[in-house]
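Chain residues, written in single-letter form:
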Amino acid sequence: MTEPAIRVDGLHYAFGANTAVDDVSFTVAPGEILGFLGPNGAGKSTTIKMMTGLLDPQAGTITVLGMSMPGEKEAIQAEIGVCFEEKNLYLNMTGRENLVFFARLFGIKGLDPDPLLRRVDLFDRADDRAADYSKGMRQRLMVARSLVNRPRVLFLDEPTDGLDPVSSLAIRRIIREEADRGAAVVLTTHDMLEADKLSDRVAFIHEGRILAIDAPETLKLAHGKRSVRVRSQRGGEVEESVISLDGDGADDEIRRAVGVEGLLTIHTEEATLEDIFIEFAGRGLR
Amino acid sequence: MSRRAGIIGAIIRKDLVEFTRDRFYVLITVFGLVIYVAMYWFLPSSVDETIEAGIHWQGGLPQELSDGDGLEFTPFDSAAALEAAIDGSGDVSVPIGLDFPAGFTESVRAGTPTTVRVLLTTDVPAEYRGAMTSFVRELAFLISGADLPVTQLDTTEVILGEDRAGDQVSLQEKMGPMFVFFMLLIETFALATLVATEIQARTVTAVLATPTRVADFLAAKAIIGTTLAFGEALLLVILIGILGTGPLVLIVTLLLGALLVTGFGLIAGSTGKDFIGIVFWSMLFLVPLAIPSFAVLFPGSAAPWVRVLPSYGLIESIVRTTSYGDGLTDLAGPLLELAGWCVIVFAAGLFTLRRKVATL
């Protein structure tokens, strides 16, 4: 069995009287994308900060690539890449300079940033200052920056938040490529579709606790409602009915609906991750 | 070790790039340097110690009232003309006037009371008033041929250090240390802004998610701040031509001064939440720190509380080197005091920045 790239056990952190992370445990395998889903203030960023060495846990253990955090922080940080929610770039420096500078912090001398810049479609603007970049370009540069050390573990905090579809697509493609390369990816996002499409597993986090963790499909099958919506026309009027697939006799109901005269449309409906999150947390993600 | 040095070097190189590309930093640095150098060379480099006084004396001036010993007399025909020269309404202007009454010589020789009017402009220093009164009394004794009340008493002047009589410390010399100090302070603003920008933009978080330690980040900021402040202050003392008065002691003093302002810059940068916040904190430090440099402008010793200010040792060392030729041994006291403040302020700056970074 493959050793997990990340193992978190009983993690706890409180800011004074406010508990931000409470008994959080999970693992992430190499090449796996774990989607961290939760509303603002749920504890996602605090968990990531502890995993990346920016905060020391008050309780619990974190093991990354077999090394313990914070004891072997520097060795872990040499192997990870972090893309923050804030666009924390050096705006007076060019895209190229930003990458070269961060490479030096990893002890990489003479980095050729061009392949990375091409990968995030910024090669043509590589010598422009980051201050002159659009929001999408800055985000792509942030992603490129998180890859300068060819990380074995990648932490991405809201990497596509507020981006145009083209930039979002480009970033999703890169995340998938990194996972395919073997990097373990921890992704926090508000975007249900993104989490659904990208994540091998998702973790619902709410008020500092993990409520559920599993593959999106498994969660949807286990907790979501499945139904078929049938629309038909009878005597000039459009009728609509919803057949639940979870109850008894669903097969007969569907057969009857398909045989109805004047059938217009049949749609299968399944729960979204947001529906399931609401079921667990009693509130939405935003 | 080499890895740590590589990281610190990378941050320093990055800071230099950011510094040189920020118009604000470049502008205030170049502007400060040009303005201070220009102002220094425009200031008078010597002090005219001659006291000009107007005299109204009926008849020909006695031989005892001839020019000399730092006194230059301008005769006036009438008391009214002398008064006009004092109050500025006449063609000629003098700050001090001596209006001798008719029959002054006869009166003093006869030992009868007489009154000499000493006329002064409002801005004449108090010590000049006493000096003029004493001068008139001495003149009376000279004219009467009588001895001064006490003839046995004699005084001997002992000047500890370089005797600057006849070569008083000029305004240019007095302002030099102030310009050097303000040049150092400019870097407080620049470093504070550099640090605050890292904190506000959270770039420091990105840096600390790499193998960079907080200590590396702090070391880089300390080195860049001290180097920039020291470099610019050194350039200023070269351009105003005072480095030659004591190169070693000035270099040591400026280095300590650069460390001191860097400490304050780290505190201001870590505490100020935005540019206004930085200006607020910097000004809070600037005003008390500037007091010793103003104290130099006025004669006499600085008040005891001024002597304990962190910048006192810096100003004192520059003044005593450039104006009195003191060396490292002479200045051991103020330099040690300055070094002590450097340790305290620098430690406070590092502590504040470390705390700030930890809470991001």
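Residues numbered from 1 in each chain as written. Chains lettered and ligands numbered in written order. Predicted model: local features only at pLDDT ≥ 70, side-chain atom pairs only at ≥ 80, totals over all residues.

A. A look at the overall build of chain B. Each helix and strand counted, chain B has 13 helices and four strands in total. When burial is assessed residue by residue, chain B has 39% of its 360 residues classed as buried. By sequence separation, contacts in chain B at least 24 residues apart represent 70% of the contacts at least 6 residues apart. (Helix = DSSP H or I, 4+ residues; strand = E, 2+ residues; numbered from the N terminus. Buried ≥ 20, exposed ≤ 12 C-beta atoms within 10 Å, placed from the backbone. Contact = placed C-beta atoms within 7 Å.)

B. Seen up close, the pairing of strand β9 (residues 201-206) of chain A. All names here are of chain A. Along β9, five of the six residues are buried, which leaves the element largely enclosed by surrounding structure. In the sheet, strand β3 (residues 33-37) pairs with β9 via four bridges, with the strands oriented parallel. Along β9, the bridge assignment pairs Leu 37 with Phe 204. Bridging between β9 and strand β10 (residues 209-214) involves five bridges; their strand directions are antiparallel. Pairing of Ile 205 across the sheet is with Ile 210, part of β10. Counting the residues in the hairpin turn of β9 and β10 gives two residues, including Glu 207, whose phi is positive at 50°. (Pairing = 2+ DSSP bridges.)

C. Up close: the interface of chain A and chain B. Each side of the interface is counted separately: chain A has 20 residues, and chain B has 20 residues. Within the residue set of the side of chain A that touches chain B, elements represented by two or more residues are α2 (73-77) and α3 (95-105) of chain A.

D. View of the domain arrangement of chain B. For chain B, the domain assignment lists domain 1 (2-44 + 168-358) and domain 2 (51-144). A separation of 51 Å is found between the C-alpha centroids of domain 1 of chain B and domain 2 of chain B. (Domains from an automatic or database assignment.)

E. Inspection of the confidence of the model for chain A at higher detail. Within chain A, residue pLDDT values average 89, and 98% of them lie at 70 or more. Mean pLDDT across the secondary structure elements of chain A bottoms out at helix α9 (residues 250-258) of chain A, with 80, and peaks at α3(A), with 96. (pLDDT = per-residue confidence, 0-100.)

F. The arrangement of unusual backbone geometry in detail. Residue and element names in this part refer to chain A. Going from Met 69 to Pro 70, the amide bond is cis rather than trans, its omega being 10°. Relative to the elements of secondary structure, Pro 70 occurs in the loop between β5 (67-69) and α2. Positive phi, normally seen in glycine, also occurs at Leu 65, with a value near 55°. Here Leu 65 falls in the partly exposed class, since 19 other C-beta atoms lie within 10 Å of it. Even without being a glycine, Arg 150 presents a positive backbone phi close to 50°. Tracing the backbone through its elements, the reader meets Arg 150 in the loop between α5 (135-145) and β7 (153-157). By C-beta crowding, Arg 150 is classed as partly exposed, having 13 other C-beta atoms within 10 Å.

G. A look at the packing of helix α8 (residues 216-223) of chain A against helix α10 (residues 273-281) of chain A. Residue and element names in this part refer to chain A. Direction vectors running N to C along α8 and α10 enclose 60°, while the axes themselves pass 10 Å from each other. Taken together, α8 and α10 sit at an angle that is classed as oblique. Handedness of the crossing formed by α8 with α10: left-handed. The residues of α10 that touch α8, namely those facing Pro 216, Leu 219, Lys 220 and His 223, are Leu 273, Ile 276 and Glu 279. Its residues assigned to classes, the contact of α8 with α10 shows four nonpolar, one polar and two charged. (Axes fitted to C-alpha atoms, helices over the stretch in contact; angles between N-to-C directions. Parallel < 35°, antiparallel > 145°, perpendicular 65-115°, else oblique. Left-handed = near helix turned anticlockwise from the far one by under 90°. Nonpolar A, V, L, I, M, F, W, Y, C, P; charged D, E, K, R; others polar.)

H. Region of interest: the packing of helix α6 (residues 171-200) of chain B against helix α9 (residues 247-271) of chain B. Residues and elements named next belong to chain B. Between α6 and α9, whose axes approach to 7 Å, the crossing angle comes to 35°. Here α6 and α9 pass one another in a crossing that is right-handed. On the side of α6, the interface is formed by Leu 184, Leu 185, Glu 187, Thr 188, Leu 191, Ala 192, Thr 193, Leu 194, Val 195, Ala 196 and Ile 199, while α9 contributes Gly 257, Ala 258, Val 261, Thr 262, Phe 264, Gly 265, Leu 266, Ala 268, Gly 269 and Ser 270.

I. Spatial organisation of the nonpolar core. One finds Val185(A), Ala233(B) and Leu260(B) to be the most contacted residues of the largest nonpolar core, which totals 146 residues. Of all the elements, α6(B) adds the most residues to this core, at 16 residues. Within the second largest apolar cluster, 13 residues are counted, among which are Ala85(B), Val94(B), Ile96(B) and Phe100(B). (Core = buried A, V, L, I, M, F, W, Y, C linked by C-beta atoms within 7 Å.)

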